[in-house]
Amino acid sequence: MAAFEDLIHARRDVRHFLCDPLDEAEVDRLLALAHSAPSVGLSQPWRFVRIATPALREALAAHVDEQVARAGKIYEGQEDRLYRSLKLHGLREAPALFAVYCDEGTETGHRLGAMTMPEARRYSCVMAIHTLWLAARTRGIGMGWVSILDPATVDAMLEVPPSWRCLGLLCLGYPTSEEATPELERRGWEHRTDWHSTVVTR
Ligand SMILES: Cc1cc2nc3c(=O)[nH]c(=O)nc-3n(C[C@H](O)[C@H](O)[C@H](O)COP(=O)(O)O)c2cc1C
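Rules behind the numbers
Residues numbered from 1 in each chain as written. Predicted model: local features only at pLDDT ≥ 70, side-chain atom pairs only at ≥ 80, totals over all residues. Near = placed C-beta within 6 Å. Nonpolar A, V, L, I, M, F, W, Y, C, P; charged D, E, K, R; others polar. Axes fitted to C-alpha atoms, helices over the stretch in contact; angles between N-to-C directions. Helix = DSSP H or I, 4+ residues; strand = E, 2+ residues; numbered from the N terminus. Parallel < 35°, antiparallel > 145°, perpendicular 65-115°, else oblique. Left-handed = near helix turned anticlockwise from the far one by under 90°. Contact = placed C-beta atoms within 7 Å. Buried ≥ 20, exposed ≤ 12 C-beta atoms within 10 Å, placed from the backbone.

A. Main features of the site of the ligand. In the neighbourhood of the ligand, the contacting residues comprise R12, D13, R15, L88, H89, W145, V146, S147, I148, G168, P182 and L184. Its residues assigned to classes, the shell around the ligand shows six nonpolar, three polar and three charged.

Written out as structure tokens, the structure reads:
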């Protein structure tokens with residue numbers, strides 16, 4: 001129990017990676033563990049697309065840089081300066097890079113649960129991503145989830161089927177440092193708030 005709690009607290013979103021390569025058998029193992037995640041109707045709608053060429057990696061990194069700059073237009077003054085100084089992806093450095101998709105049209109699971117709440121397929125994919133995140137951390141491998149992108153642009157770059165919905169890019173590799181707190185907290189952008197739940201009494 002204590003080890004699991006430590007794992008939860010030690011998981012970080014990583015953007016600073018060492019260039020040490022990952023063992024491919026280890027990467028396969030992580031994907032197999034992600035594949036054990038729960039999914040609505042057992043639909044297993046996650047699709048992991050490995051980015052294997054330097055040209056595609058650079059095109060994705062340049063696209064995200066562009067989107068980060070564009071999204072930052074809402075900030076001014078000190079907030080703008082802080083935003084510009086943040087590192088919001090490790091796409092150029094991470095030894096392994098994946099795009100992760102939800103297949104919104106999958107017939108696996110016979111659409112059980114997806115008729116009333118189709119977004120449950122995306123939630124299922126998030127479960128797989130989180131499983132991958134934790135599994136990676138148990139091996140000392142860091143993961144960064146990059147979502148500041150235009151899904152249609154990324155879809156066109158990767159030529160994925162039209163029923164696939166982009167959920168982000170995942171950077172995997174050994175982190176340059178082990179950190180106990182989120183990078184955004186260390187940089188003064190935001191802090192983890194106290195948790196709470198809502199109670200309904202009627
Ligand atoms: C759905 C999702 C999308 C995210 N997208 C980005 C992103 O584009 N860039 C980034 O730097 N961090 C991104 N993050 C990571 C968060 O910034 C990070 O989880 C948060 O700051 C807490 O830090 P921690 O994960 O180290 O606890 C994303 C996280 C989630 C869950």
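After that view of the structure, there is still more to cover.
B. Up close: the packing of helix α2 (residues 24-34) against helix α5 (residues 120-138). At a minimum axis separation of 8 Å, α2 and α5 run at an interaxial angle of 140°. Accordingly, the angle class assigned to the pair α2 and α5 is oblique. The interaxial crossing formed by α2 with α5 has right-handed handedness. Contact residues: α2 offers L30, L33 and A34, while α5 offers A128, T131, L132, A135 and A136. Looking at the contact of α2 with α5, its residues break down into seven nonpolar, one polar and no charged.

C. How the structure looks around the environment of C125. For C125, the position within the fold is in helix α5. The buried category is assigned to C125, around which 25 C-beta atoms lie within 10 Å. Residues C125 and P54, 71 residues apart in the sequence, show an inter-C-alpha distance of 26 Å. When sequence neighbours within four positions are dropped, the list of residues in contact with C125 reads P45, W46, V100, C102 and L167.

D. Looking closely at unusual backbone geometry. Backbone geometry places H110, a non-glycine residue, at a positive phi of 55°. Phi at R111 takes a positive value of approximately 65°, unusual for a residue other than glycine. Within the secondary structure, R111 sits in the loop between β2 (96-103) and α5. By the C-beta count within 10 Å, which is 15 here, R111 ends up partly exposed.

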